[in-house]
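Now for the letters of each chain:
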Amino acid sequence: MSKKVLITGGTGYIASHTCVALIEQGVTPILVDDLSNSSKLVLSRIQELTGVLPVFYQGSILDKVLLAKIFAEHPEIEAVMHFAGLKAVGESVEKPLAYYQCNVAGTLNLVEAMQAAGVKQLIFSSSATVYGDPASVPIEESFPTSATNPYGWSKWMVERCLMDFQAAQPDWSITLLRYFNPVGNHPSGRLGEDPQGIPNNLVPYIAQVAIGRREQLSVFGSDYNTPDGTGVRDYIHVVDLAQGHLAALTYASPKAGCHIYNLGTGQGYSVLEMIQAFEKASGRAVPYVLAPRRPGDIAECWATPEKAKRELHWQATRTLDEMARDTWTWQENNPMGYEPQ
C-alpha cells in the first residue's frame, strides 16, 4: 500500500500542484479544504492529469470533530502537509483576528488531532515573510525572524509553536518550508491559480489584466532602493515548489527533529521585470500605474536555497520565461478561472 498523506487546504493553488507530484510518485493524498479560496473542480482536474480522484473532505481545520473523523477513517496516514491558511498581506492588516484564528488556532487544532492519532510527521507551509525586513539578501535560514504584518506574524507564531512543540516531543518530525513567491501553473493549462475576488498577488493580477478581466495593474511602490524602484522578489515556479514538498517528505519527514528550509530560486526579479516577461509570453501589453507603497511591504527579498539543495537534493530549475508562459497558458485556457460550480 502506498504512503498516505493528509493535505490541508488540498484544493488550493500550491497544494493541488503538490497533489499531482505526490500521486505521480505513488503517494496517496487525502484532501481537506473549506473551498473558501478554491474550487471543487480542482479534484476532477487532478484526476484528469493523474488518473486518480483524491479522497476529499469539505471543511475547515477549525473543525476539531472533522479532523478527528479524518484520522479515524484513515489510520494509515503517515504524514501531514499543512497548506490551509489565509495568505493576503493587505487583508491581514485589515482583519488580523481572522488571520490569527485561522492560521494559528487552526494549526494547533491540527497538531492536537495528529497527536491523538499518533501521526508525528508534519510539513508546514511557512513563508519568507517570517524574515521580516531582512538586513541583507540573499536570506539564509539562520537569519533572525520577525514580521512586518499580521500575516507574517501568524506564520512566525505557528513556527514558534511548532518548534516549541517539537522540542517537547523529540520523536516528532516537523519541517518548516519557507516559500518565497510561488508563480506559474501546471504546463498543461488544466491546473492553476484562481484567486477568489481581486487577486492579492502580483502574477495572477498581471494575467487577469492581460486577458482583459482587469483594466490595469497597480504597481505598489516605485521608490524602493532597487534597480528600477519597484519591489524585488524571489519568484519560484509552483511545479518546482511541489517537487520541494516531495523532497521534504522523502528526506526530512522520516527524521525526527525540526527542519527548516528556504524554497526559492536564489534570484530576485522586480515587478517591472515580471510585467515585461509576461508581455513577452502573452504577446499582449499589460497597462499599469505606479501607486504608493502598501503597508507591510518591503523592498527586496530573495533566498539562498543552498541548504535545500544540500539536504533535500532539490533545487528549482524552471526559468522566469517558463513561469510566465505557464501562467499565460492557464489564463488563456481558463479566462474566468475554474468555471462556477
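Coordinates for the structure precede this section.
From a predicted model like this one, the values you see are computed outputs, not experimental measurements.

Peer 1: Break down the overall build of the chain for me, with residues and values.
Peer 2: The secondary structure content of the chain amounts to 11 helices and 14 strands. Taking 341 residues into account, the globule formula puts the C-alpha radius of gyration at 20 Å, and the chain, at 19 Å, falls close to it. When its C-alpha atoms are laid out on the principal axes, the chain stretches across 50 × 45 × 40 Å. Across the 341 residues in the chain, those meeting the buried criterion constitute 55%. Partitioning the contacts of the chain with sequence separation of at least 6, the portion at a separation of at least 24 is 79%.

Peer 1: Run through the sheet that holds strand E9 (residues 232-233), naming residues and quoting values.
Peer 2: Judged by pairing direction, the sheet is mixed, and its 3 strands sit side by side in the order E12-E9-E14 without closing on themselves. The sheet terminates laterally at strand E12 (269-270) and strand E14 (300-301), the two strands that pair on one side only. Where E9 lies against E14, 2 bridges are found, and the strand directions are parallel. Following the sheet pairing, Val232 is matched in E14 by Glu300.

Peer 1: Which residues make up empty space enclosed by the protein, and what values do they have?
Peer 2: Tallying each qualifying case throughout the model produces 3 cavities of 30 Å³ or more. In this structure, the largest cavity occupies an estimated 80 Å³ of space. For the largest cavity, the lining is made up of 14 residues, of which Asn185, Glu193, Pro204, Trp330 and Gln331 are closest to its centre. At the level of elements, helix H7 (202-211) and helix H11 (320-333) are the ones that each hand at least two residues to the lining of the largest cavity. Take the lining of the largest cavity: its biggest share by element is 4 residues, from H7. Roughly 60 Å³ of internal volume is contained in the second largest cavity.

Peer 1: Account for the sheet that holds strand E1 (residues 4-8), naming residues and giving values.
Peer 2: Sheet architecture is open: 7 strands sit in the order E3-E2-E1-E4-E5-E6-E11, paired in parallel fashion. Two strands lie at the open edges of the sheet, namely strand E3 (55-58) and strand E11 (257-263), each paired on one side alone. Strand-to-strand, the axes of this sheet are offset by a mean angle of 20 degrees, without reference to chain direction. Two elements, E1 and strand E4 (residues 77-82), share 5 bridges in a ladder whose sense is parallel. The residue bridging Ile7 from the neighbouring strand is Met81, located in E4. Along the sheet face, helix H1 (residues 13-24) touches E1, strand E2 (28-33), E4 and strand E6 (173-179) and points at about 170 degrees away from the line of E1.

Peer 1: Can you break down the packing of aromatic side chains residue by residue, with the values?
Peer 2: Overall, the coordinates contain 6 aromatic pairs when judged by the stated rule. A ring pair is formed by Tyr99 and Tyr151, whose centres lie 6.5 Å apart and whose planes are at 85 degrees; its orientation type is edge-to-face. Here the residue Tyr99 occupies a position in helix H5 (residues 96-117), and Tyr151 occupies one in helix H6 (residues 150-168), the gap between them amounting to 52 residues. Take Tyr99 and Tyr151: they sit in the same class, and that class is buried.

Peer 1: Now, about the packing of helix H3 (residues 64-73) against H5: what can you tell me, with residues and values included?
Peer 2: Interaxial distance between H3 and H5 falls to 9 Å at its minimum, and their mutual angle equals 35 degrees. Note that H3 runs across H5; the crossing there is right-handed. Between H3 and H5, the contacting residues are Lys64, Leu67 and Phe71 on the first element and Asn109, Leu110, Glu112, Ala113, Met114 and Ala117 on the second.

Peer 1: Account for the nonpolar core, naming residues and giving values.
Peer 2: Burial of nonpolar side chains together is a common tendency in soluble globular proteins. One finds Ile7, Ile46, Met81, Leu249 and Trp314 to be the most contacted residues of the largest nonpolar core, which totals 40 residues. Taken together, the elements giving at least two residues each to this core come down to E1, H1, helix H2 (41-50), E4, E6, helix H8 (238-252) and E11. Apart from the residues lying within four places of it in its own chain, the contact partners of Met81 are Val5, Leu6, Ile7, Thr8, Thr18, Leu22, Ile123, His245 and Leu249. Of all hydrophobic cores here, the second largest spans 27 residues; its members include Val80, Met114, Val119 and Ile260.

Peer 1: Could you give an account of H11, naming the residues involved and the relevant values?
Peer 2: Residue pairs three or four apart in sequence face the same way in an α-helix, which turns once every 3.6 residues. A rise of 1.5 Å per residue sets the reference length of H11, with its 14 residues, at 20 Å; its end C-alpha atoms lie 20 Å apart and thus fit the reference within 8%. Inspection of H11 places Leu320, Met323, Ala324, Asp326, Thr327, Trp328, Trp330 and Gln331 among the buried residues, and these make up the whole buried set. On its buried side, H11 packs onto H2, strand E7 (181-183), H7, strand E10 (235-237), E12 and helix H9 (271-282).

Peer 1: Help me get a handle on the pairing of E11, residues and values and all.
Peer 2: A regular strand carries its side chains on alternate faces of the sheet. The buried fraction of E11 amounts to 6 of the 7 residues, a majority that puts the element mostly inside the structure. As paired strands, E6 and E11 are joined by 7 bridges and run parallel to one another. Bridge pairing links Leu176 to Ile260 in E11.

Peer 1: I'd like a description of the environment of Phe83, backed by residues and values.
Peer 2: Tracing the backbone through its elements, the reader meets Phe83 in the loop between E4 and helix H4 (89-94). For the pair Phe83 and Val239, spaced 156 residues apart in sequence, the C-alpha separation works out to 15 Å. Aside from chain neighbours lying at most four places away, what touches Phe83 is Ile7, Thr8, Gly9, Ile14, Ala15, Thr18, Ser125, Tyr179 and His245.

Peer 1: Give a description of the side chain of Gln208 that names residues and reports values.
Peer 2: Tracing the chain through its elements places Gln208 in helix H7. With residues up to four places along the chain from it excluded, the contact list for Gln208 reads Pro195, Pro199, Arg213, Arg214 and Gln331.

Conventions adopted
Here the residue numbering is sequential within each chain, running from 1 through the sequence in written order. Local features are withheld for residues below a pLDDT of 70 in this predicted model, meaning they are given only at 70 or higher, and side-chain atom pairs are given and counted only at 80 or more; totals for whole chains, interfaces and linings count all residues. To get the side-chain values, all heavy atoms of the structure are used, and hydrogens and water are removed first. Only runs of H or I of at least four residues qualify as helices and only runs of E of at least two qualify as strands under DSSP, and these elements are numbered from the N terminus. We compute the radius of gyration from the C-alpha atoms alone; for a globule the expected value is 2.2 Å times N to the 0.38, where N is the number of residues. Exposure is judged per residue with a 1.4 Å probe applied to protein chains only, and the accessible area is read against the type maximum: over 50% gives exposed, under 20% gives buried, and values in between give partly exposed. Residue contacts follow a heavy-atom distance rule, with two residues in contact if any of their heavy atoms lie within 4.5 Å. Any two strands are treated as partners once DSSP identifies two or more bridges connecting them. A pocket here means an open set of points on a 1 Å grid, computed over the protein atoms alone, that has protein on both sides within 12 Å along at least five of seven lines. A cavity is instead a set of points where a 1.4 Å probe fits but cannot get out; residues with an atom within 4 Å of a point line either one. Grid points are joined across faces, edges and corners, and a volume is the space filled by probe spheres set on the points. Between the N-to-C directions of two axes lies an angle of 0 to 180 degrees, each axis being a line fitted to C-alpha atoms and, for a helix, fitted only over the stretch in contact. A pair of aromatic rings is counted whenever rings of Phe, Tyr or Trp (Trp by its six-membered ring) have centres within 6.5 Å, and the orientation is called stacked for planes under 30 degrees apart, edge-to-face for over 60 and tilted otherwise. Here a crossing is called left-handed whenever its near helix is offset anticlockwise from the far helix by less than a right angle, and right-handed whenever the offset is clockwise. The definition of a nonpolar core used throughout is a set of buried Ala, Val, Leu, Ile, Met, Phe, Trp, Tyr and Cys residues joined through side-chain atoms within 4.5 Å. Every helix has an expected span of 1.5 Å times one less than the residues it contains.

Shape descriptors only; they carry no functional weight alone.
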